[in-house]
Amino acid sequence: MAGTTLPTPLYGLYREKLGFSELVVTVVFAVYAVGVISALLVAGDYSDEAGRRPVLLAALGLSAASALCFLFEGGLALLLVGRLLSGLAAGLFSGTATAAVLELAAPGHEARAAFVATAAGMGGLGCGPLLSGLLAQYAPWPLRLTFLVNLALVAVACVLTWFLRETVRDPVRWPRLRPRGLSVPPEARGVFVPSALAAFVGFALLGLFLAVAPAFLSQTLGEHSLAVSGAVVFSVFLASTAGQALLGRVGVRRALPGGCLFLVLGLLLVGASLAAESLALLVLGAFCGGLGHGLAFRAGLAAISGAAPPAHRGGTISAYFVVAYLGISLPVVGVGALTLWLGLKNAGLVFTACLVVLSAGIGLRVQRKPLPES
């Protein structure tokens, strides 16, 4: 998962080298979400038949191919292909790796395994920008070394995955793909709508930091260190992981409105950081927004998992992830488009204001009508 966010601090270097606008940067980023959603819709349950290990190895192969596209970057087209392959890999990982961790866990450790799986995903997403920012700032070959390191890590992961125990009984070799659309059963829709909208807002905040925050830091706040850029993005995911860890203590009923509250606070701080041109406010907004994302995302996932009947649970969870990844792509492209007319600072302020309104509305809705405990 770290490989999917490695380019984040490097977008400014690509923009200078290839001469494209901030809108193009957000489109390059959004192609990743297209890959994730495509993988979820087309092959979300493929590992249930083919086995966990083959699908994980295929995802690692896609990760390696994505790294090679960036390593031998020759223009915008190859960057787009690299992001698409990265998204396909992440889409395969999302369900398959989580299922594998749960199935490999010892009896009685399922809850801990679920947290380990989600923390590994969020932790990986956060470590990508931190790693590439440090390497690009303090090591040679800023647009090459990061992806060489990524290829080495993928190779290690392939070896470890090869020796994993297969947890699917009697896996089928090359089963047919069965693409499916979004499916939410009627009994789960009352829980699904507010949960998915909260996930949309939370992932939109993540998308803002992943795609646009480096440009905010350099152009608006005057911070040109790639290491600082990577560390700021890392802080969002670190806080999200902490928020997910708190769910057991807080409970689903309080976690979703509480998560929306922290999302509102984080967005307000991000907007204030742009208006006041303050790095400290941006970092504080990253922590608050990340904490809100973690609380709201895991609470929503737990709520819809409990509300959906077993026969439709997989499809409902996939639909939840699709809405979340729409949040990480569409609003960010909107910010990129707004920069052409309003400039980066004003576009960011409009973006945060819209998300504040949406998040506050969801928080009030679930405060008045709490979600059931899973």
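These numbers come from a predicted model, not from an experiment.

Here is what the cut-offs are and how they apply
Residues numbered from 1 in each chain as written. Predicted model: local features only at pLDDT ≥ 70, side-chain atom pairs only at ≥ 80, totals over all residues. Heavy atoms only, no water. Helix = DSSP H or I, 4+ residues; strand = E, 2+ residues; numbered from the N terminus. Rg over C-alpha atoms; globule rule 2.2 N^0.38 Å. Buried < 20%, exposed > 50% of the residue type's maximum accessible area, 1.4 Å probe, protein only. Contact = heavy atoms within 4.5 Å. Areas by Shrake-Rupley, 256 points an atom, 1.4 Å probe, with all protein chains shown as cover. Expected span 1.5 Å × (residues − 1). Bend = angle between axes of the 7 residues up to and from the residue. Phe/Tyr/Trp six-rings, centres within 6.5 Å; stacked < 30°, edge-to-face > 60°. Lys NZ or Arg CZ within 6 Å of the ring centre and 35° of its normal.

A.B. asks: Can you help me understand the overall build of the chain in this one?
C.D. replies: When you go through the chain residue by residue, the secondary structure sums to 15 helices and zero strands. Rg of the C-alpha trace for the chain: 20 Å, near the compact-globule value of 21 Å for 374 residues, within the 12% margin. Judged by the C-alpha coordinates and their principal axes, the chain covers about 55 × 50 × 30 Å. The buried share of the chain, taken over its 374 residues, is 54%. Within the chain, counting contacts between residues at least 6 apart in sequence, those at least 24 apart form 85% of the total. About 15600 Å² of surface is accessible on the chain, with carbon and sulfur atoms providing 69% of the total.

A.B. asks: Where do I start with helix α6 (residues 76-104) in this structure?
C.D. replies: Residues separated by three or four positions in an α-helix point in the same direction, a consequence of the helix having 3.6 residues per turn. Helix length check: α6 (29 residues) gives 41 Å between terminal C-alpha atoms against 42 Å at 1.5 Å per residue, within 8%. Phe-93 marks the point of greatest bend in α6, at about 35°.

A.B. asks: How should the packing of aromatic side chains be read in this particular structure?
C.D. replies: One pair of aromatic rings is described through two measures. These are the centre distance and the angle between the planes. Scanning all chains against the criterion turns up eight aromatic pairs. Taken together, a centroid distance of 5.0 Å and an interplanar angle of 10° make the contact between Phe-70 and Phe-147 stacked. Placement of the pair is Phe-70 in helix α5 (residues 52-71) and Phe-147 in helix α8 (residues 145-162), with a sequence separation of 77 residues. The class of Phe-70 is buried, set by a relative accessible area of 2%. Measuring from centroid to centroid gives 6.3 Å for Tyr-320 and Phe-321, while their planes differ by 80°, and the two rings are edge-to-face. One cation-aromatic arrangement involves Arg-53 over Trp-162; the distance from NZ or CZ to the ring centre is 5.9 Å.

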